[in-house]
Structures are given as C-alpha cells and as structure tokens.
Amino acid sequence: MILLFVGLQGSGKGTQAKIISKKLNLCHISTGNLLREISGKLKQEIDSYINNGKLVPDELIIKILKQRIKKEDCKNGIILDGFPRTLEQARDLDKILKIGKVIEISISDEEAIKRLKGRWNCKKCGIAYNLVTSPKPKQDKKCDNCGSALYQRADDINEEAIKKRLAIYHEGTEPILEKYNSIQVNALRATLLR
Ligand code: AMP
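Residues numbered from 1 in each chain as written. Predicted model: local features only at pLDDT ≥ 70, side-chain atom pairs only at ≥ 80, totals over all residues. Heavy atoms only, no water.

Please explain helix 1 (residues 13–24) as it appears in this structure.
The end-to-end C-alpha distance of helix 1, which contains 12 residues, comes to 16 Å, matching closely the 16 Å that a straight helix rising 1.5 Å per residue would cover. For helix 1, the secondary structure elements touched by its buried residues are strand 1 (2–7), strand 2 (27–30), strand 3 (78–81) and strand 4 (101–106). Phi for Asn25, located one or two positions after helix 1, is positive at around 55 degrees. (Helix = DSSP H or I, 4+ residues; strand = E, 2+ residues; numbered from the N terminus. Expected span 1.5 Å × (residues − 1). Contact = heavy atoms within 4.5 Å.)

Is there a simple way to think about the sheet that holds strand 7 (residues 183–186) in this case?
Where strands meet in a sheet, backbone hydrogen bonds hold them as pairs that are either parallel or antiparallel. Across the sheet, which stays open at both edges, the five strands sit in the order 2-3-1-4-7 with parallel pairing between neighbours. Each end of this open sheet is capped by a strand with a single partner; those strands are strand 2 and strand 7. This sheet shows a mean twist of 20 degrees between the axes of neighbouring strands, independent of strand direction. Sheet analysis places strand 1 next to strand 3, joined by four bridges and oriented parallel. Pairing of Phe5 across the sheet is with Asp81, part of strand 3. In this fold helix 1 packs onto strand 1, strand 2, strand 3 and strand 4, with an angle of close to 160 degrees to the strand it touches most, strand 1. Each of strand 2 and strand 3 touches helix 4 (residues 58–69); the most contacted strand, strand 2, lies at about 165 degrees to it. (Pairing = 2+ DSSP bridges. Axes fitted to C-alpha atoms, helices over the stretch in contact; angles between N-to-C directions.)

Here you go:
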C-alpha cells in the first residue's frame, strides 16, 4: 500500500503520517527529513534551498527517494510525506510506484503560519512540539521524551522562506490533488490521539 500525505507545511501531515504508519506497519518517508539528514559535500547546497524556502531540484530528490524506497523496511508499503510536490515529481513517481490513496491535510495559510512560527523540534527523537498551539513540551523548550534541547528549523524562523513555501505549495503542489482525486481532511479536526 502506498499512501501520499499532502498538505501545507504546518498542517500536521508529518505528525499524522508518523502515527498512521506505525498503526498500518508502513514505512514513513518524509523527503524533508531525508534531505535534512544528508551530510557531506551536498549538505551546503541542500541547506541553501531548504533555508530559503525553495524546492531542491527534481533530479536530486528523485534520486534520493529511489534509493530510500529500495530498503527492506519499505516492502510492506509506504506513507510518503512531502513527495511529490510538483506535477513533474508526481509523473516520475507514477513510473516507480503504484499510488493507493492521496490524503490532503487541509489548513488555511494563517493557521499554517501561526503553527510554523511556534514549531520546535527534537533532533534526537524527531518529535515536533508547538509553543503556540500544541503539543507544548512539559519543560521549557526540552523534549518530554529525552530531555534534549528543542530547536527551531531555519526555514521556520525565516519569514520570507515561510511565504515562499506557502506560495510554492499553492502553485506547484495543489494541482497534484486534482490529479489523484484526493481525500481531504480538515487539519484543525484531525486529532488522532493513538
Ligand atoms: P518539509 O520538511 O516537508 O517541510 O520540507 C522541507 C524542505 O525540504 C522544503 O521546503 C524543500 O526545500 C525540501 N523538500 C522536501 N521535499 C521536497 C520535494 N519533494 N521536492 C523538493 N524539495 C523538497
């Protein structure tokens, strides 16, 4: 089973994808996380795209994704979070995987901006907290799970990068939803607790 989770940054698609992938025994692949984990000589180039709110080039992200889906943990199925982001990527994806369902986690720009500005993450556990909405960490800017200091992503601090990401989503990513006849979920009510 291959599911695509599509939504504005801050919609909570990553959080929902993580919970549902565990329930369904699917591999959760966030292309944003894959890119942030890259080290070595490509890192600087990739960070400059991410931190400025731009998409990394299609050839690069597709190459990285193709390598990732070959791994054993993808055999039972995958939830793709953050890919495809353009119709070109969707066309490439169709050549390598058979897409089951596409789920749009829908949220307004205003709510997304509010959430992105309040988002703090744990590098170690990958847990996302939100100081403006929820879940808030129990201790000030520390992870409830491991106690590590939380950090804000560079592209969440940069106002211009936030605006650019929202614009790219509306222009480039939304057309995918029509192509796949997606299911739409209201992000404000999508509270899967366990
Ligand atoms: P995300 O963690 O999904 O918010 O992604 C963070 C950033 O990674 C994006 O703003 C892009 O710069 C880059 N990125 C993630 N997925 C893709 C993709 N499918 N295509 C191009 N760039 C991507």
